Amino acid sequence: MEPITAILPIEYQETLLTATDLTFQNYRLNFEIGSHSKVGVFARNEETIHEFLLVMSGILRSKGLLYQGASCYDNARYFAKRIYADTHIDYFSTLSAKVIASTILKEFHKEVDEETLNRYIRALSLRRECVVRDAVEYTLMGKTMILLSTLLSTSCPLIIRHPLQNLNHEMSQYFVNEMTKKEEALIFGGGPLKPWEGKLDALILLGDNGKACVMDPSIQALYYIVGTAPENALFIDVAKKGYIILDQDKGAKVAQGRKQPKAMKINPYELEKIFA
């Protein structure tokens, strides 16, 4: 069994989730996520990210993922703690913070701070991102903005699919800052990682052939090497005849020389560019 990787020094915070030989597709993972951790998920396949977030939220059946010692799957106590949201879904047809807060409390038993949500609505001029007919119809950007504003007005850990979908550069930067400043944990996947650079505690990388890792970009590094992929290769680039490996000790010398392939350090927040 691979050792459990703690995302953030767990001794400084409560543990939100523990994965002990978590089996997902053809992956097996071990990690702990703290109650304040900020974690991004990357895979080359969009549906893999989607399903992994559903596992992390307790919606899809899993074995080995625990909340307070019990399985996360269909766990009412865990459901009461976290919020799972997907920006592909239309959640709101109103601009009223009062109505939004009341509806979420009634249907999902989660408290939304109405005053905080009203501040976001005013500060972001959300009225410009919707049309009022029989119901409020949001622009694509407005739909994401009102969802994130609502999530930020709760005190729940957040699991979000495509959190920056349809946001422009300015709004992406704004919400990345707001979500990473939020005290509670954030787990997300989907969309480019670049806007999150320097803001995350860890990246969960779901690679090829069942290889996966939990990476701390501040102390670990990724290297791209041209040549035949070894068994421990995290990603394999068939088109360019290269592969990617994880260096456990950032800055350590990766084997290279006359008889060794040259290793090129890559930015983990730009992984999608390599496979574009």
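Structure: see above.
Please read these numbers as outputs of a predicted model, since none were measured by experiment.

A. Representation of the overall build of the protein in the model. Counting its regular elements, the protein contains 7 helices and 17 strands. Computed over the C-alpha atoms, the radius of gyration of the protein is 20 Å, within 12% of the 19 Å expected from 2.2 N^0.38 for a compact globule of 276 residues. Principal axes of the C-alpha set define a box for the protein whose edges measure 70 × 40 × 30 Å. Counting across all 276 residues of the protein, residues that qualify as buried make up 51%. Considering only contacts within the protein whose residues lie at least 6 apart along the sequence, 63% involve residues at least 24 apart. Of the accessible surface of the protein, which amounts to about 14,300 Å², a share of 50% is contributed by carbon and sulfur atoms. The distance from the centre of the 32 positive side-chain charges to the centre of the 33 negative ones in the protein is 4 Å.

B. Just the environment of Ala-135, in detail. Positionally, Ala-135 belongs in the loop between strand E8 (130–132) and strand E9 (136–138). Here Ala-135 falls in the partly exposed class, since its relative accessible area comes to 33%.

C. Region of the structure containing the packing of helix H4 (residues 114–123) against helix H5 (residues 140–152). Two numbers describe how H4 lies on H5: the axes approach to 8 Å, and their chain directions differ by 150°. By the angle between their axes, H4 is roughly antiparallel relative to H5. Relative to H5, H4 is oriented so that their crossing is right-handed. Two secondary-structure elements touch here, H4 through Thr-116, Leu-117, Tyr-120 and Ile-121 and H5 through Ile-146, Ser-149, Thr-150 and Leu-152.

D. Representation of the packing of aromatic side chains. This structure, assessed with the given rule, holds 7 aromatic pairs. Here Phe-24 and Tyr-27 contribute two aromatic rings whose centre-to-centre distance is 6.2 Å and whose plane-to-plane angle is 10°, an arrangement assigned as stacked. Comparing Phe-24 with Tyr-27 shows no difference in burial state: the two are buried. Geometrically, the ring pair formed by Tyr-174 and Phe-175 is edge-to-face, given 5.2 Å between the ring centres and 85° between the ring planes. Look at Tyr-174 and you get partly exposed, because its relative accessible area is 26%. What makes Phe-175 buried here is its relative accessible area of 0%. In textbook terms, an aromatic cluster arises when at least three aromatic residues are bridged by ring pairs, as seen for Phe-24, Tyr-27 and Phe-52. The side chain of Arg-82 reaches across the aromatic face of Tyr-78, ending 5.7 Å from its centre.

E. Spatial organisation of the sheet that holds strand E14 (residues 221–226). If you trace the 4 strands from one edge of the open sheet to the other, you get E15-E16-E14-E17, paired in antiparallel fashion. The open sheet terminates on both sides in strands that have one partner only, identified here as strand E15 (235–237) and strand E17 (263–266). For this sheet the average axis-to-axis angle between neighbouring strands, irrespective of direction, equals 30°. In this sheet, strand E16 (residues 242–247) lies alongside E14 in antiparallel orientation, the contact comprising 6 bridges. Bridge assignment links Leu-222 to a residue of E16, and that residue is Leu-246.

F. Inspection of the layout of surface pockets at higher detail. Computed from the structure, the second largest pocket encloses a volume of approximately 550 Å³. Looking at the second largest pocket, it is lined by 22 residues, and the ones nearest its centre are Ile-83, Tyr-91, Phe-92, Ile-104 and Phe-108. Of all the secondary structure elements, the ones that give two or more residues to the lining of the second largest pocket are strand E7 (83–86), helix H3 (97–108) and H5. A per-class count over the lining of the second largest pocket returns 13 nonpolar, 6 polar and 3 charged.

G. Focus on the nonpolar core. Ranked by size, the top nonpolar core spans 52 residues in total, and within it Phe-175, Met-179, Trp-196, Leu-205 and Leu-271 carry the most contacts. If sequence neighbours within four positions are ignored, Phe-175 has contacts with Leu-124, Met-145, Leu-148, Ser-149, Leu-152 and Leu-167. The next biggest cluster of nonpolar side chains, apart from the first, holds 30 residues, and it includes Leu-17, Leu-29, Leu-54 and Tyr-67.

Here is what the cut-offs are and how they apply
Counting restarts for each chain, with residues numbered from 1 along the sequence as it is written. Confidence filtering applies because this is a predicted model: local features only for residues at pLDDT of at least 70, side-chain atom pairs given and counted only at 80 or more, and all residues used for totals across whole chains, interfaces and linings. For side-chain calculations, the full set of non-hydrogen atoms in the structure is used, while hydrogens and water are omitted. Secondary structure elements are taken from DSSP: a helix is a run of H or I of four residues or more, a strand is a run of E of two residues or more, and numbering for both begins at the N terminus. Radius of gyration here is computed from C-alpha atoms only, and the compact-globule reference equals 2.2 Å multiplied by the residue count raised to the power 0.38. Three labels apply to residues, based on accessible area from a 1.4 Å probe with only protein chains included: buried if under 20% of the type maximum, exposed if over 50%, partly exposed otherwise in between. When checking whether two residues touch, look at their non-hydrogen atoms; a contact exists if any pair is within 4.5 Å. The Shrake-Rupley method, run with a 1.4 Å probe, gives the accessible areas here. Residue values count only the displayed protein chains as cover. All tallies of charge rest on Lys and Arg as positive and Asp and Glu as negative; His and the ends of each chain are not included. Where a charge sits is defined by one atom per residue type, namely NZ (Lys), CZ (Arg), CG (Asp) or CD (Glu). Simply put, an axis is a line fit to the C-alpha atoms, just over the touching stretch for a helix, and the angle between two N-to-C directions goes from 0 to 180 degrees. Here the angle decides the label: under 35 degrees means roughly parallel, over 145 means roughly antiparallel, 65 to 115 means roughly perpendicular, and every other value means oblique. Here is the rule for handedness: rotate from the far helix to the near one, and if that takes an anticlockwise turn smaller than a right angle the crossing is left-handed, while a clockwise turn gives right-handed. Within 6.5 Å between ring centres, the rings of Phe, Tyr and Trp (the latter by its six-membered ring) count as paired, and their orientation is classed by plane angle as stacked under 30 degrees, edge-to-face over 60, tilted in between. Placement of a charge over a ring requires the Lys NZ or Arg CZ to be within 6 Å of the ring centre, with the centre-to-atom vector within 35 degrees of the ring normal. Pairing between strands is defined by DSSP: at least two bridges between them are needed. Detection works on a 1 Å grid of protein atoms alone, calling trapped sets that fit a 1.4 Å probe cavities and calling open sets with protein on both sides within 12 Å along at least five of seven lines pockets, with lining residues defined by an atom within 4 Å of a point. Grid points are joined across faces, edges and corners, and a volume is the space filled by probe spheres set on the points. For this scheme, ten residues count as nonpolar: Ala, Val, Leu, Ile, Met, Phe, Trp, Tyr, Cys and Pro. Four count as charged, namely Asp, Glu, Lys and Arg, and the remainder, Gly too, count as polar. Residues enter a nonpolar core if they are buried and are Ala, Val, Leu, Ile, Met, Phe, Trp, Tyr or Cys, with the set joined through side-chain atoms within 4.5 Å.

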